[in-house]
Amino acid sequence: MARCQTCGATIIVGGAREDGLRFCGEPCRNRYLVGIATRQLPHDFVLEQARNVHAGPCPKCEGPGPVDVHTTYWVWSAGVLTRCSQTAQVCCTKCDRLDKLKGVAFCAVLGWWGFPWGFIFTPIQLIKNFGGMFHKTDSPNPSEDLVDLTYHRLGSQWLAEAKQEELSKKKEENLPLWEKNR
């Protein structure tokens with residue numbers, strides 16, 4: 001049995017192949033290809049693009065920046081079930097504080113109802129959200145998270161353009177002779 005190069009899952013039947021490697025499916029194959037694409041990008045170019053995003057308007061409210069990657073923490077519980085999660089998004093500080101306030105309200109109402117983990121994780125998530133609300137995040141430079149996200153977005157964009165170009169070439173190759181001569 002083979003293992004997926006990206007996530008390590010066991011591949012029993014099928015999967016996807018690329019460069020002699022096996023993947024559990026197209027999403028993992030695409031993550032691998034995006035990783036290759038990001039290594040092709042010059043660091044200075046990516047940093048410049050990240051600075052443009054950082055200095056630009058907020059994608060959520062279209063208000064003034066600085067814009068960066070911000071994380072909100074969540075927890076809900078019911079009986080013996082407790083689920084913790086986090087949501088990262090690119091936004092301004094004002095939108096981040098509003099999201100964290102929603103996270104505080106969500107955790108305060110729905111986090112306590114599980115035993116024992118609700119009583120343990122709810123204060124942790126509340127402290128993370130409160131701490132993030134009052135932490136000064138208006139840095140003049142983009143965070144490493146924003147730079148990494150910019151790498152990923154540019155790599156994905158480059159990969160999509162390369163696939164589109166490849167499809168156009170294949171389509172052109174399959175045209176009948178009278179269509180090619182137009």
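Residues numbered from 1 in each chain as written. Predicted model: local features only at pLDDT ≥ 70, side-chain atom pairs only at ≥ 80, totals over all residues. Heavy atoms only, no water.

### Points about unusual backbone geometry
Counted only if it meets this: Think of it this way: any DSSP run of H or I at least four residues long counts as a helix, any run of E at least two long counts as a strand, and we number them from the N terminus. The cut-offs for exposure are 20% and 50% of the maximum accessible area for each residue type, with area from a 1.4 Å probe on protein chains only; residues under the lower value are buried, those over the upper are exposed, and the others partly exposed.
With an omega of 0°, the peptide bond between Phe115 and Pro116 qualifies as cis. Note on placement: Pro116 falls in the loop between helix H3 (93-110) and helix H4 (117-134). Non-glycine residue Asp19 carries a positive phi angle of around 55°. As for its placement among the helices and strands, Asp19 is situated in the loop between strand E3 (16-18) and strand E4 (21-23). The residue Glu62 is not glycine, and still its phi comes out positive at about 60°. By the element assignment, Glu62 lies in the loop between helix H2 (43-55) and strand E5 (67-78). Looking at Glu62, the relative accessible area reads 67%, which means it is exposed.

### Here we look at the pairing of strand E6 (residues 81-92)
Successive residues of a regular strand alternate their side chains across the two faces of the sheet. Put simply, the rule reads: Here a strand pair is declared whenever DSSP counts at least two bridges between the two strands.
Sheet analysis places E5 next to E6, joined by twelve bridges and oriented antiparallel. The residue bridging Ser77 from the neighbouring strand is Thr82, located in E6. The antiparallel hairpin formed by E5 and E6 contains two residues in its connecting segment, where Gly79 sits at a positive phi of about 65°.

### Things to note about the packing of aromatic side chains
One pair of aromatic rings is described through two measures. These are the centre distance and the angle between the planes. The criterion, for reference: Aromatic contacts are taken between Phe, Tyr and Trp rings whose centres are within 6.5 Å, Trp giving its six-membered ring; a plane angle under 30 degrees counts as stacked, one over 60 as edge-to-face, and the others as tilted.
Using the criterion set out here, one finds five aromatic pairs in the structure. On the numbers, 5.1 Å between centres and 40° between planes, the contact of Phe23 with Tyr32 is tilted. Given the relative accessible area of 0%, Phe23 is considered buried. Each residue in the set Trp112, Phe115 and Phe119 is aromatic and connected to the rest through ring pairs, giving one cluster.

### What about the packing of helix H1 (residues 26-40) against helix H5 (residues 144-173)?
The condition is simple: In this analysis an axis means a line fitted to C-alpha atoms, helices contributing only their contacting stretch, and an angle means the value between N-to-C directions, from 0 to 180 degrees. The scheme is simple: roughly parallel for angles under 35 degrees, roughly antiparallel for over 145, roughly perpendicular for 65 to 115, oblique for anything else. Contacts are assigned to residue pairs that have any heavy atoms within 4.5 Å of one another.
Two elements in contact, H1 and H5, have axes separated by 8 Å at closest approach and are oriented at 105°. Between H1 and H5, the angle is such that the two are roughly perpendicular. On the side of H1, the interface is formed by Arg29, Asn30, Leu33, Val34, Ala37, Thr38 and Gln40, while H5 contributes Tyr151, His152, Gly155, Ser156, Trp158, Leu159 and Lys163.

### Section: H5
As a reminder, the rule being used: Take the residue count of a helix, subtract one, and multiply by 1.5 Å to get its expected span.
Between its first and last C-alpha atoms H5 spans 43 Å; for 30 residues at 1.5 Å apiece the expected length is 44 Å, and the two agree. Listed as buried for H5 are Leu146, Val147, Thr150, Tyr151, Leu154, Gly155 and Leu159. The elements touched by buried residues of H5 are H1, H2, E5 and E6.

### A look at the pattern of salt bridges
Oppositely charged side chains can pair when the atoms bearing their charge come close. Just so we agree on the cut-off: Any Lys or Arg side-chain nitrogen found within 4 Å of a carboxyl oxygen on Asp or Glu counts as a salt bridge.
One pass over the full model with this rule turns up four salt bridges. A salt bridge links Glu26 to Arg29; the nearest nitrogen and oxygen atoms lie 3.1 Å apart. Highlighted residues: Glu26 and Arg29, both in helix H1, separated by three residues, approximately one helical turn. Under the relative-accessibility criterion, Glu26 is labelled partly exposed at 43%. Assessed through its relative accessible area of 15%, Arg29 is described here as buried. Here the residues in one salt-bridge network are Glu18, Glu26 and Arg29, joined through shared partners.

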